[in-house]
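Overview (structure and organization)
Now for the letters of each chain:
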Amino acid sequence: MNESVCSNIQESLAWCMGTPELPGVMRRIYYISKGSIAAWPKLPRSENGAITKAEYEGNFVLVADKKWQYIDILPEKSQLTSDAQGEAPSQTQLNKLVALHPSVGKEASAASAYLNNNDNVFLVSDMHGQFRVVGSEKWQTKTTVAQDLGQGATGSTSTTITVEATDECPAPFYKGLIEAEDGSQMGDGSEVTA
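Just so you know, the residues in each chain are numbered from 1, in the order the chain's sequence is written. It should be noted that, the model being predicted, local features are given only for residues of pLDDT at least 70 and side-chain atom pairs only at 80 or more, the latter also being counted only at that level, while totals for whole chains, interfaces and linings use all residues. Side-chain metrics in this entry use all non-hydrogen atoms of the structure; hydrogen atoms and water are not considered.

Section: helix α1 (residues 106-116)
Taken as a whole, α1 has its buried residues at A108, S112 and L115. Axial view of α1: buried residues confined to an arc of 70°, hence all on one face. For α1, the exposed residues set more than 90 degrees away from the buried face come down to K106 and E107. Where α1 is buried, its residues contact β1 (28-33), β5 (69-72), β7 (92-101), β8 (120-125), β10 (141-148) and β11 (158-167). Classification of residues uses two cut-offs on accessible area relative to the type maximum, computed with a 1.4 Å probe and protein chains only: under 20% is buried, over 50% is exposed, and between them is partly exposed. Runs of H or I in DSSP of at least four residues are treated as helices and runs of E of at least two as strands, each being numbered from the N terminus. The directions considered for the arc are those from the helix axis to the C-beta atoms. Should any heavy atoms of two residues lie within 4.5 Å, those residues are counted as being in contact.

As structure tokens, this is what we get:
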């Protein structure tokens, strides 16, 4: 077999003792309908099509007048996970987001109806301030929403958003531009340059 076609793309995976790995996700997540995305950033690939990095290159380009919407969540009750699915050589990742929003009011109910019936993409920031993408260009994203109005005087209300999205790697990183309703920022935390 041609060596240039089947070259090894795996790199060593080091970890230095004492390096903190902070668990959890940040308080604000972003979402948008895939129909509002004009062009996707790309994952770098080898000659044979294998992903060489788990970080998108480029920006999400949105349709005119569209912006990422945000949802404030309770980080201590929200989680992003990824599990392998399928069989080699077609194994993929099932990225799962459970995001708990504390309100059950009109706005939360309206957002729930929208999310339940749409193919969306979500941006979730980890505790290092790096954004991860839940949703891919190739497969549909399944979003389901449940509401709980609480029970008794000591109960709590919640709108729980559950997202399942197949992708080629665990929730790829995104450093690009995020043009959102609450302002523009870069996915790596740097300032937006004009």
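Considerations on the pairing of strand β6 (residues 79-85)
DSSP-based pairing: two strands are paired if at least 2 bridges between them are found. Both β6 and β7 contribute to a ladder of seven bridges, which runs antiparallel. Counterpart to Q85 in the pairing with β7 is T92. Taken together, β6 and the strand that follows it, β7, pair antiparallel across an intervening segment of six residues, in which G86 is found at a positive phi of about 85°.

Some remarks on the sheet that holds strand β9 (residues 131-134)
Read across the open sheet, the six strands follow the order β3-β12-β9-β8-β1-β5; overall the sheet is mixed. Each of the sheet's edge strands pairs with one partner strand only, and the pair in question is β3 (55-56) and β5. Across four bridges, β8 lies against β9 in antiparallel orientation. The partner of L123 across the bridge, within β9, is V133.

A look at the side chain of S125
Note that S125 resides in strand β8. On the basis of relative accessibility, which here comes to 5%, the residue S125 falls in the buried class. Beyond its immediate sequence surroundings of up to four residues, S125 is in contact with V25, M26, Q130 and F131.

Topic: the sheet that holds β6
Here four strands make up an open sheet; going across it, the order is β6-β7-β11-β10 and the pairing antiparallel. The two strands at the open ends of the sheet, each matched to only one other strand, are β6 and β10. Neighbour to neighbour, the strand axes of the sheet diverge by 15° on average, direction disregarded. Where helices are involved, their axes are fitted lines through C-alpha atoms of the stretch in contact, as for all axes, and angles between N-to-C directions lie from 0 to 180°. Contacts from α1 reach β7, β10 and β11 within the one sheet, and its direction differs from that of β10 by about 150°.

Details of unusual backbone geometry
The omega torsion across A88 and P89 is 5°, close enough to zero to call that bond cis. Among the secondary structure elements, P89 is positioned in the loop between β6 and β7. At D65, a residue that is not glycine, the phi angle is positive and equals roughly 70°. Checked against the element boundaries, D65 lands in the loop between β4 (61-62) and β5. By relative accessible area, D65 is classed as exposed at 82%.

Regarding the nonpolar core
Burial of nonpolar side chains together is a common tendency in soluble globular proteins. Grouped together as the largest cluster of nonpolar side chains are 18 residues, with contacts concentrated most on F60, W68 and L123. Of all the elements in the fold, those that place two or more residues in this core are β1, β8, β9 and β13 (177-180). For F60, the contacting residues outside a window of four places in its chain are I37, A39, W40, P41, W68, V121, L123, V133 and Y174. As used here, the term nonpolar core means buried Ala, Val, Leu, Ile, Met, Phe, Trp, Tyr and Cys residues forming a set that is joined through side-chain atoms within 4.5 Å.

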